Amino acid sequence: MLHIGDWKLAVDVEKTKMAFEFNSYRCMSNECRNFVEACENHLKPAVLEFAGELGIDLSKPSHLESHQVNDNTAIMYAGKYHIIGEIVEGEIDGWDVIVGEHCFSLTDEMERVPVVLDGPTIEISFEVVLPWVIESKIYV
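One structure accompanies this document, and this report is about it. As the structure is a computational prediction, the values presented were derived from the model and not from experiment. (Residues numbered from 1 in each chain as written. Predicted model: local features only at pLDDT ≥ 70, side-chain atom pairs only at ≥ 80, totals over all residues. Heavy atoms only, no water.)

### Re the state of the cysteines
Right, on to step 1. Following the criterion strictly, the structure yields one disulfide and no others.
Right, on to step 2. Note on cysteine connectivity: Cys27 is disulfide-linked to Cys32, with sulfurs 2.3 Å apart. Of note, the bridge from Cys27 to Cys32 carries an S-S torsion of about 80° and is right-handed in sense.
Right, on to step 3. With relative accessibility at 28%, the residue Cys27 sits in the partly exposed group.
Right, on to step 4. By relative accessible area, which is 10% here, Cys32 ends up buried.
Right, on to step 5. With no disulfide of its own, Cys39 has Cys32 as its nearest cysteine by sulfur position, at a separation of 11 Å.
Right, on to step 6. Cysteine Cys103 is unpaired, with the sulfur of Cys39 as its nearest cysteine sulfur at 15 Å. (Disulfide = S-S within 2.5 Å. Buried < 20%, exposed > 50% of the residue type's maximum accessible area, 1.4 Å probe, protein only.)

### Quick word on the side chain of His102
Right, on to step 1. Residue placement: His102 occurs in strand 6 (residues 102–107).
Right, on to step 2. The class of His102 is buried, set by a relative accessible area of 1%. (Helix = DSSP H or I, 4+ residues; strand = E, 2+ residues; numbered from the N terminus.)

### Some thoughts on helix 2 (residues 30–41)
Right, on to step 1. End to end, helix 2 covers 16 Å across 12 residues, agreeing with the expected 16 Å (1.5 Å per residue, within 8%).
Right, on to step 2. Residues of helix 2 that are buried include every one of Asn30, Glu31, Cys32, Asn34, Phe35, Val36, Ala38 and Cys39, and no others.
Right, on to step 3. Buried residues belonging to helix 2 abut helix 3 (45–54), strand 3 (63–69), strand 4 (74–89) and strand 7 (121–131). (Expected span 1.5 Å × (residues − 1). Contact = heavy atoms within 4.5 Å.)

### A short note on the pattern of salt bridges
Right, on to step 1. This structure, assessed with the given rule, holds six salt bridges.
Right, on to step 2. A salt bridge links Lys15 to Asp118; its shortest N-O distance comes to 3.9 Å. Of this pair, Lys15 sits in helix 1 (residues 13–22) while Asp118 sits in the loop between strand 6 and strand 7, and the two are 103 residues apart along the sequence.
Right, on to step 3. Given a relative accessible area of 53%, Asp118 falls into the exposed group.
Right, on to step 4. Across the salt bridge formed by Lys80 and Glu123, the nearest N and O atoms sit 3.7 Å from each other. Taken together, the residues Lys80 in strand 4 and Glu123 in strand 7 connect sequence positions 43 residues apart. Residue Lys80 shares its accessibility class with Glu123, and that shared class is buried.
Right, on to step 5. When salt bridges that share partners are traced, they join Lys80, Glu109 and Glu123 into one network. (Salt bridge = Lys/Arg side-chain N within 4 Å of Asp/Glu carboxyl O.)

### Describing the pairing of strand 5 (residues 96–99)
Right, on to step 1. Here strand 5 shows one buried face, formed by Val97 and Val99, and one open face, formed by Asp96 and Ile98.
Right, on to step 2. Examined bridge by bridge, strand 5 and strand 6 share four bridges and lie antiparallel to one another. Looking at the pairing, Ile98 lines up with Cys103 of strand 6.
Right, on to step 3. Hairpin connection from strand 5 to strand 6: two residues lie between these consecutive antiparallel strands, with Gly100 at a positive phi of about 55°. (Pairing = 2+ DSSP bridges.)

### Some points on the packing of helix 1 against helix 3
Right, on to step 1. For the pair helix 1 and helix 3, interaxial distance at closest approach is 7 Å and the crossing angle is 105°. Classified by the angle between their axes, helix 1 and helix 3 sit roughly perpendicular to one another. Residues Val13, Thr16 and Lys17 of helix 1 form the contact with helix 3, whose own contacting residues are Gly52, Glu53 and Leu54.
Right, on to step 2. Here the residues of the contact of helix 1 with helix 3 are counted per class, giving two nonpolar, two polar and two charged. (Axes fitted to C-alpha atoms, helices over the stretch in contact; angles between N-to-C directions. Parallel < 35°, antiparallel > 145°, perpendicular 65-115°, else oblique. Nonpolar A, V, L, I, M, F, W, Y, C, P; charged D, E, K, R; others polar.)

### Things to note about unusual backbone geometry
Right, on to step 1. In this model, Asn70 sits at a positive phi of 55°, which is unusual for a non-glycine residue.
Right, on to step 2. When you line up the elements, Asn70 lands in the loop between strand 3 and strand 4.
Right, on to step 3. The class for Asn70 is exposed, based on a relative accessible area of 51%.
Right, on to step 4. The residue Met110 is not glycine, and still its phi comes out positive at about 50°.
Right, on to step 5. Secondary-structure assignment places Met110 in the loop between strand 6 and strand 7.

Listed below in structure tokens is the structure:
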């Protein structure tokens with residue numbers, strides 16, 4: 001049982017991690033490559049720890065959108081992660097967790113759930129502004 005604020009989540013962390021390992025799809029645009037690089041090498045330990053508690057591989061969202069910000073020096077990303085588990089206690093609408101640069105929210109749209117997920121699913125949406133960290137220019 002995972003306690004986050006006033007919420008209790010029953011998360012199968014090991015099954016979720018395995019699902020992320022088997023989910024090999026990654027967008028290959030410059031914006032997506034920048035997101036992967038930033039997730040793998042430039043995030044604060046608190047964000048990585050939070051994701052680890054849920055079994056999430058931050059570099060593999062189920063859905064990802066991007067918008068340039070800060071005079072093209074950064075990208076605002078919005079997307080979704082899906083994990084295997086259930087909400088045991090807490091309202092889905094009131095769960096907004098700020099960790100480092102990330103804002104995570106529980107949502108119930110259940111769009112683009114990876115087929116590798118086996119069992120009840122929790123959808124977590126996120127927003128984050130990350131710096132441009134790869135060599136190529138933004139929106140080339």
